[in-house]
Amino acid sequence: MPVYRDVGVVVRTHKLGESDRIVTIITQDSGKVRAVAKGVRKTGSRFGSRLEPMSHVQVQLYRGRELDIVNQVELVEVSNNVRSSLECTTDGLAMCEVVDQLSHDRVPNKHLYRMLVGALRQLEKQYAPLVLPALQLRLLEVEGVGPLVDSCVVCGTATGLCAFDIAAGGVQCAAHKRGLTLSPAALDILRAVLNGRVAEVLNRQDVPELVVREVVTIARSAMEHHLERRIRATSLFEAPQAG
Ligand SMILES: [Zn+2]
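Note that this is a predicted model, so its numbers are computed, not measured. (Residues numbered from 1 in each chain as written. Predicted model: local features only at pLDDT ≥ 70, side-chain atom pairs only at ≥ 80, totals over all residues. Heavy atoms only, no water.)

Novice: Honestly, the overall build of the protein in this entry has me stumped. Any pointers?
Specialist: When helices and strands are counted, the protein shows seven helices and eight strands. A total of 243 residues make up the protein; the buried ones form 44% of that total. Sequence-distant contacts, at least 24 apart, represent 56% of the contacts inside the protein between residues at least 6 apart. Just so you have it, the protein exposes about 12,900 Å², and 52% of that area is on carbon and sulfur atoms. Charge centroids of the protein, computed over 30 positive and 27 negative side chains, lie 4 Å from each other. (Helix = DSSP H or I, 4+ residues; strand = E, 2+ residues; numbered from the N terminus. Buried < 20%, exposed > 50% of the residue type's maximum accessible area, 1.4 Å probe, protein only. Contact = heavy atoms within 4.5 Å. Areas by Shrake-Rupley, 256 points an atom, 1.4 Å probe, with all protein chains shown as cover. Lys, Arg positive; Asp, Glu negative; His and termini not counted. Charge placed at Lys NZ, Arg CZ, Asp CG, Glu CD.)

Following this line, the structure appears as structure tokens:
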């Protein structure tokens, strides 16, 4: 079997047989890769605990038809802080999950890989509740469905914007308000993130809890909506399963 090397982030693992595990890795050059890590659940495994979700690793893999086989693993960076608090772990795993859902098997996407590494690195440095929604919003943009935040999606006015409609994919004025309530402060954060000022947003110390929650809800709901629609669109062209 041909051997190749890559760097990537482990986004998911599941058990296989008595002592093996299948790991899903978002790699830099090979896209989403699923590989068998043999003996990884035995004590004294040569891979140790390096193949856990959120681990940034350098791997050497044997190329298989569907599943590759992990031959070597080295940690690229240590992520102790991300694992040390519940809120970091929860958000970090959510980031892994969404990038997993957006990635395709063996379709290289450097951009997704870099965004995931950047967001996890940010969490490792310091927990901020806006890292996850910032990633989700940027990912939606990359997918070509970035939220419209400049003017009302119904009438186009740029003043008095006070709601966000997930289905319409953007903000609304008072006259056309249908979606979630949107405060001016939350709108400001959405705009900053979507205009590429993520670092500036994450450095803001004084964002009220309520505003953070608005942004978190909007980003999560918008991403869920996008993923559901994508699944529906895909299943439309799939042949029905026999039986
Ligand atoms: Zn309007």
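Novice: Where do I start with the side chain of Ser79 in this structure?
Specialist: By secondary structure assignment, the location of Ser79 is in the loop between β5 (68-77) and α1 (80-84). Residue Ser79 is classed as buried on the basis of its relative accessible area, which comes to 14%. For Ser79, the side chain forms a polar contact with the side chain of Arg83, separated by 3.4 Å. Those residues in contact with Ser79 that lie beyond four places of it in its chain are Met54 and Glu124. (Polar contact = N/O pair within 3.5 Å; in protein donor to acceptor, adjacent residues only side chain to side chain.)

Novice: What am I meant to see in the environment of Arg220 here?
Specialist: Tracing the backbone through its elements, the reader meets Arg220 in helix α7 (residues 209-235). What makes Arg220 partly exposed here is its relative accessible area of 38%.

Novice: What should I look at first to understand the nonpolar core in this one?
Specialist: Generally speaking, a soluble globular protein has its nonpolar side chains buried in company with each other. Grouped together as the largest cluster of nonpolar side chains are 53 residues, with contacts concentrated most on Val9, Met95, Leu116, Leu139 and Leu190. The residues contacting Leu139, other than those within four sequence positions of it, are Val98, Val99, Leu102, Leu112, Met115 and Met223. Membership of the second largest hydrophobic core comes to 15 residues, among which are Val23, Ala35, Ala37 and Leu51. (Core = buried A, V, L, I, M, F, W, Y, C linked by side-chain atoms within 4.5 Å.)

Novice: What's the story with unusual backbone geometry in this structure? I'm lost.
Specialist: What is expected of a backbone is that most residues other than glycine have negative phi and most peptide bonds are trans. The phi dihedral of Met54 is positive, around 85°, even though this residue is not glycine. The residue Met54 is located in the loop between β3 (32-37) and β4 (56-62) in this model. According to the relative accessible area criterion, Met54 is buried, its value standing at 5%. At Arg106, a position not held by glycine, the phi torsion is positive, near 60°. Here Arg106 falls in the partly exposed class, since its relative accessible area comes to 26%.

Novice: Is there a simple way to think about the packing of aromatic side chains in this case?
Specialist: Two numbers describe a pair of aromatic rings. These are the distance of the centres and the angle of the planes. In total, this model carries zero aromatic pairs according to the counting rule given. Positioned above the aromatic ring of Tyr4, the side-chain terminus of Arg63 is 5.7 Å from the ring centre. (Phe/Tyr/Trp six-rings, centres within 6.5 Å; stacked < 30°, edge-to-face > 60°. Lys NZ or Arg CZ within 6 Å of the ring centre and 35° of its normal.)

Novice: What exactly am I supposed to notice about the packing of helix α2 (residues 86-102) against helix α4 (residues 131-142) here?
Specialist: Each pair of packed helices can be summarised by the angle the axes make with each other and by the distance between the axes. Interaxial distance between α2 and α4 falls to 9 Å at its minimum, and their mutual angle equals 10°. When the axis of α2 is compared with that of α4, the two are roughly parallel. Counting all contacts with α2, which are made through Asp91, Ala94, Met95, Val98, Val99 and Leu102, the residues of α4 involved are Val131, Leu132, Leu135 and Leu139. Classifying every residue of the contact of α2 with α4 gives nine nonpolar, no polar and one charged. (Axes fitted to C-alpha atoms, helices over the stretch in contact; angles between N-to-C directions. Parallel < 35°, antiparallel > 145°, perpendicular 65-115°, else oblique. Nonpolar A, V, L, I, M, F, W, Y, C, P; charged D, E, K, R; others polar.)

Novice: I tried to follow the coordination of the zinc ion on my own but got confused; where do I start?
Specialist: A metal bound by six donors in octahedral fashion has ideal angles of 90 or 180 degrees, whereas one bound by four tetrahedral donors has an ideal angle of 109.5 degrees. Protein ligation of the zinc ion involves Cys152 (SG), Cys155 (SG), Cys173 (SG) and His176 (ND1), the donor distances falling in the range 2.1 to 2.4 Å. Taken together, the four donor atoms surrounding the zinc ion define angles of 93 to 117° at the centre, an arrangement classified as tetrahedral. For the zinc ion, the single-chain donor residues occur in sequence as C-x2-C-x17-C-x2-H. You can call His176 partly exposed: its relative accessible area is 28%. (Donors = N, O, S within 2.8 Å, 3.2 Å for Na, K, Ca; no water. Tetrahedral: all angles 85-135°; square planar, octahedral: opposite > 155°, others 65-115°.)

Novice: Help me understand the environment of Leu210 in this model?
Specialist: Take Leu210: it is sitting in helix α7. Judged by its relative accessible area of 62%, Leu210 falls in the exposed class.

Novice: Quick question: what am I supposed to make of the packing of α2 against helix α3 (residues 110-125) here?
Specialist: It is the contact of α2 with α3, at a shortest axis distance of 10 Å, that shows an interaxial angle of 175°. Between α2 and α3, the angle is such that the two are roughly antiparallel. Contacts between α2 and α3 involve Cys88, Asp91, Gly92, Met95, Cys96, Val99 and Leu102 from the first element and Leu112, Leu116, Ala119, Leu120 and Leu123 from the second. Of the residues assigned to the contact of α2 with α3, the class counts are ten nonpolar, one polar and one charged.

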